[in-house]
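Geometric and topological summary
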Number of protein chains: 2
Amino acid sequence: MRYLLIISYNGRAYNGWQIQDNARTIQGELNHALEIVLHEKVDTVASGRTDAMVSAYMQTVHFETDKKFNNDKLVHSLNGILDKDIRVLSVAETTVHARYSAKKKTYLYKMYISNIDLPLYTDALRISPNLDFKAMKKFITMLKGTNDFAGFKSSGSEVKDNVRTIYKTQLVRDGMYLYFYITGNGFLYKMVRNIVGTMLKLGEGKLDLNELKRNLFNGYKSNYTAKPEYLYLLNVMYD
Amino acid sequence: MRYLLIISYNGRAYNGWQIQDNARTIQGELNHALEIVLHEKVDTVASGRTDAMVSAYMQTVHFETDKKFNNDKLVHSLNGILDKDIRVLSVAETTVHARYSAKKKTYLYKMYISNIDLPLYTDALRISPNLDFKAMKKFITMLKGTNDFAGFKSSGSEVKDNVRTIYKTQLVRDGMYLYFYITGNGFLYKMVRNIVGTMLKLGEGKLDLNELKRNLFNGYKSNYTAKPEYLYLLNVMYD
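The present account deals with the structure reproduced in this document. (Residues numbered from 1 in each chain as written. Chains lettered and ligands numbered in written order. Predicted model: local features only at pLDDT ≥ 70, side-chain atom pairs only at ≥ 80, totals over all residues. Heavy atoms only, no water.)

1. Topic: the packing of aromatic side chains
Our working rule: Two aromatic rings from Phe, Tyr or Trp, using only the six-membered ring of Trp, form a pair when their centres are within 6.5 Å; if the ring planes differ by under 30 degrees the pair is stacked, by over 60 it is edge-to-face, and anything between is tilted. Helix and strand definitions here come from DSSP, where helices need a minimum of 4 consecutive H or I residues and strands a minimum of 2 consecutive E residues; each element is numbered from the N-terminal end. Remark: exposure states derive from per-residue accessible area (1.4 Å probe, protein chains only) relative to the maximum for the residue type, with buried under 20%, exposed over 50%, and partly exposed in between. Look at NZ for Lys and CZ for Arg. If either is within 6 Å of the ring centre and within 35 degrees of the ring normal, a charge sits over the ring.
In this structure the tally under the stated criterion is 26 aromatic pairs over all chains. For the ring pair Tyr57 of chain A and Tyr121 of chain B, a centre distance of 5.9 Å and an interplane angle of 75 degrees mean the geometry is edge-to-face. Of this pair, Tyr57 of chain A sits in strand E3 (residues 55-64) while Tyr121 of chain B sits in the loop between strand E5 (104-113) and strand E6 (125-127), on two different chains. Tyr121 of chain B matches Tyr57 of chain A in its accessibility class, with the two residues each being buried. Sitting over the face of the ring of Tyr167 of chain B, Lys104 of chain B holds its NZ or CZ atom 5.0 Å from the ring centroid. The aromatic ring of Tyr232 of chain B is capped on one face by Lys110 of chain B, whose charged end is 4.6 Å from the ring centroid.

Right, here's the structure in full:
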């Protein structure tokens, strides 16, 4: 039987999703808890890896086992073992593959607009009120559609096909906060952080909008990778 | 000359506003930083004391000195000395008294609605989806007006006059969050936390709305003080 877990985590204290020797990871912690509860080692597959320090409001993870269990009790037991910054929200039988069946994912990058670091906004990147927000809005609309995002991929990935479809991008002001939302069928290694980094350099006037428009999917190479700790996987959609 | 500081702080690591021996407080830290920058001891007066662990998006503080300084440099110097969870946002000459001239204050109590603790909502109190939100909304409208709030004052205060005016109360849903806002001309010791505690007990069905309505300002005595770490001073208004 295959089961789908919905989990949420604050990733700041973790070295990303993927299990590693000698580093605390979300997958490592989850596998460890599952092994204790199910009395067997199981493999877990997430909708996608999140980088070190990246958080998830909602991440999906599947695993397979022949063991029988009560769903509510499993959730309760896993949460009893896991640290509080990882929570299992639900478990259910599934036919989907957490990664390959995922149709859409939405990421959120949190920023706040201030000239001074603010103690109650530590979940967001401080950005200057003097950025060119109009240019930034124009830039994010240019991302929509099906394109080759090689210029927004950091090295260290073995993925060959760099074509991805972006369905929606939004910049939403909420009080001091500025939220960047991006929904796509998938994302390359550090793609969202390179998009945010590029958007902010444009906002600072260090990139030219027209030049960027010309070579965005044809020669542009991002050197600007926004910090990971303000990136949040918001949700994963299946059919 | 009298100066008004606007400050913001995450109060979780502090034993409240008021300076104390052997405990880290917001006032203690601020006085220490001012003494270093101004080369003299100054007294600071806040719009009101905040309890241990209570935070402030905006708190106002005045002090008096004959020393001359550049306002921007003072802000910069104080922030260089203070820990990052206290920030000075501005300083300006003033004629107001931070406490006695304050006309309105607004507090925010952050809650989120979930059956499970969520790692990305640690700034808010988890409350059950099964609360009687209608009763809670009726309760908070009953608070408006000028009344004797003795029943919502915790012991440990020497204030005699318990009459306060509440101008506005709101419960606002924002995603998983439920925000309680209350604006008044002043608040008694732990008054907001006793109001929230009472509201939540009512939501749980452990208090009767009609009975509460009858004796709210006439015999009711709150035994329910909501936790301090989810309370935020939002702003202070002067004429």
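2. What to know about helix H1 (residues 26-38) of chain A
All names here are of chain A. So the rule is basically this: The span expected for a helix works out to 1.5 Å for each residue beyond the first. For this analysis, residues touch if any pair of their heavy atoms sits within 4.5 Å.
Here H1 contains 13 residues, and its C-alpha end-to-end distance of 18 Å stays within 8% of the 18 Å for a straight helix at 1.5 Å per residue. Check the buried side of H1 and you find it contacts strand E1 (2-9), E3, helix H2 (71-81) and strand E4 (86-93). Positive phi shows up at His39, right after H1, with a value of about 60 degrees.

3. Here's the deal with helix H3 (residues 133-142) of chain B
Residues and elements named next belong to chain B. To keep things clear, this is the line we draw: It is the directions from the helix axis to the C-beta atoms that the arc portrays.
Turning to H3, its buried residues number three or more, namely Ala135, Met136, Phe139, Ile140 and Met142. What you see down the axis of H3 is that its buried residues fit within an arc of 150 degrees, all on one side. Facing away from the buried surface of H3 by more than 90 degrees, the exposed residues are Lys134 and Lys138. Considering only its buried residues, H3 is in contact with strand E8 (163-174), strand E9 (177-184), helix H4 (191-203) and helix H5 (209-215).

4. What about the packing of H3 of chain B against H4 of chain B?
Residue and element names in this part refer to chain B. Definition in use: Axis definition: a line fitted to C-alpha atoms, over the contacting stretch in the case of helices. Angles run 0 to 180 degrees between N-to-C directions. We call a crossing left-handed when the near helix sits turned anticlockwise from the far one by less than a right angle, and right-handed when that turn is clockwise. Gly falls in the polar group here, along with every residue not listed as nonpolar (Ala, Val, Leu, Ile, Met, Phe, Trp, Tyr, Cys, Pro) or charged (Asp, Glu, Lys, Arg).
The N-to-C vectors of H3 and H4 enclose an angle of 145 degrees; their axes lie 8 Å apart at closest approach. You can see that H3 and H4 cross each other, and the crossing is right-handed. Two secondary-structure elements touch here, H3 through Ala135, Met136, Phe139 and Ile140 and H4 through Ile195, Thr198, Met199, Leu200, Leu202 and Gly203. In the contact of H3 with H4, the residues fall into eight nonpolar, two polar and no charged.

5. Details of the relation of the copies chain A and chain B
Using the following cut-off: When the copies are superposed, the least-squares fit draws on C-alpha atoms of residues that have pLDDT of at least 70 in both.
Between the two copies, chain A and chain B, the superposition gives an RMSD of 0.0 Å; the rotation angle is 180 degrees and the shift along the axis is 0.0 Å. Here the two chains are linked by the operation of a two-fold rotation axis. The overlap is high: 100% of the interface residues of chain A also sit at the interface in chain B, so the same surface is used on both sides.

6. Section: the pattern of salt bridges
Residue and element names in this part refer to chain A. Applicable threshold: The term salt bridge refers to a pairing of a side-chain nitrogen on Lys or Arg with a carboxyl oxygen on Asp or Glu at a separation within 4 Å.
Counted by the stated rule, this structure contains 22 salt bridges over all chains. For Lys110, the salt bridge identified is with Asp123, shortest N-O distance 3.2 Å. Residue Lys110 is found in strand E5 (residues 104-113), and its partner Asp123 is found in the loop between E5 and strand E6 (125-127); the two are separated by 13 residues along the sequence. Salt bridges linked by common partners bring Arg24, Glu29 and Asp83 together as one network.

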